[in-house]
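Reading the structure
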Amino acid sequence: MLVRDLPASAETAPMVLPGVRGSETSPTSWASRIGVPATSKGAFAFWGGFKRWGQWSAAPGVFTSFAMWGGGEIDLREARFEEREVTIRCITIMGGIQVKVPNDLHVEVRGIGIMGGFDDKATGEGTPGSPRVTVTGFALMGGVGVDRKLRRAEKERLRGERRKEL
C-alpha cells in the first residue's frame, strides 16, 4: 500500500488494513494511549522476577530491563506510551525475559543471543498511528522472547463468538 510508510497524525485513529498484522483484531485508539506520563523506566530481577503488565506507561526513549538468574515479563498489550517511539532494551544472563506485544503494534526486534536466544518472530508492521517499538539487547545463556498476543478484550470477544456457535 502506498500510504503505509507515511506518518500518521496523533488525531488519526488507526484503521484495520488487509494484509497487515493485526487485521483480525478490532482497531485500537492509539491516539488516546500516547502522551501518557511514564510510570516505569525499567525493570530488574536478580534471583527473582519482574512483571510490567496492564495499563502501565513505558518511559520515553529507552526502557531497560535486566534479569540475572531470574525472569521478567513485559506486556505491551494494554500499555500506554509517553512518546510514539520507544526502545525496550532487554539484558539477561542465565535468565529470561518475555515481551508480549499486540498484533497492531509496529515492532522491530534486534538483539544478540550467545549460548542462548533472542527471538524475532514478532517483527513486523502494525496499523497506521500505532507506536513504534524496538526490542533490543543481549542474552547470555538465557533468552528473550517477543511474541504477538491478543488483548484480553479480543480473547473474550472470540470466546463469546465460539459460545454462540455452540
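Small disclaimer: the values here were computed from a predicted structure and weren't measured. (Residues numbered from 1 in each chain as written. Predicted model: local features only at pLDDT ≥ 70, side-chain atom pairs only at ≥ 80, totals over all residues. Heavy atoms only, no water.)

With respect to the sheet that holds strand β4 (residues 61-68)
The cut-off we apply is this: By this definition, two strands are paired if DSSP reports at least two bridges between them. Helix and strand labels come from DSSP, where a helix needs a run of H or I of at least four residues and a strand needs a run of E of at least two; each type is numbered from the N terminus. The axes used here are C-alpha line fits, helices contributing only the stretch in contact, and every angle between their N-to-C directions lies in the interval 0 to 180 degrees.
Strand order across the open sheet formed by five strands is β1-β4-β7-β11-β9, with parallel pairing between neighbours. Each edge of the open sheet is held by one strand with a lone partner, namely β1 (42-46) and β9 (106-114). Going from strand to strand, the sheet's axes swing by 10° on average, the running direction of each strand aside. Note: β1 against β4, five bridges, orientation parallel. By the bridge assignment for β4, G42 is matched with T64.

Here's the deal with the sheet that holds strand β2 (residues 49-52)
In space, the five strands of this open sheet follow the order β2-β5-β8-β12-β10, with parallel pairing throughout. Strands with a single pairing partner mark the edges of an open sheet, and in this sheet they are β2 and β10 (117-118). Two elements, β2 and strand β5 (residues 71-75), share four bridges in a ladder whose sense is parallel. Along β5, the bridge assignment pairs F50 with G72.

Examining the confidence of the model for the protein chain
Here is the rule: Predictor confidence is given residue by residue as pLDDT, running from a minimum of 0 to a maximum of 100. Whether two residues touch is decided by their heavy atoms; if any such pair falls within 4.5 Å, the residues are in contact.
Residues with a pLDDT of 70 or more make up 83% of the protein chain, whose mean pLDDT is 82. This stretch, residues 1-27, has a pLDDT under 50; its non-local contacts, to residues over four places away or in other chains, come to 43 contacts.

Side note on the environment of R152
Where we set the bar: Classification of residues uses two cut-offs on accessible area relative to the type maximum, computed with a 1.4 Å probe and protein chains only: under 20% is buried, over 50% is exposed, and between them is partly exposed.
Checked against the element boundaries, R152 lands in helix α1 (residues 152-165). Under the relative-accessibility criterion, R152 is labelled exposed at 56%. Each C-alpha atom, one on R152 and one on R77, is 8.4 Å from the other, the two residues being 75 residues apart in sequence. Discounting residues that sit within four places of it in the chain, R152 has contacts with W53 and E78.

What about the nonpolar core?
Going by this rule: In this text, buried Ala, Val, Leu, Ile, Met, Phe, Trp, Tyr and Cys residues form a nonpolar core when linked through side-chain atoms within 4.5 Å.
In this structure, I74, L76 and V99 are the most contacted members of the largest nonpolar core, which totals 29 residues. At the level of elements, β1, β4, β7 (85-93), β8 (96-101), β9, β11 (132-140) and β12 (143-148) are the ones that each hand at least two residues to this core. Beyond its immediate stretch of four places on either side in the chain, V99 contacts I74, L76, C90, V135, G145, V146 and D147.

Observations regarding the pairing of β4
The two faces of the sheet receive side chains in turn, since in a regular strand these alternate between them. Here β4 pairs with β7 via eight bridges, running parallel. Its bridge partner lying in β7, F63 is registered against I88.

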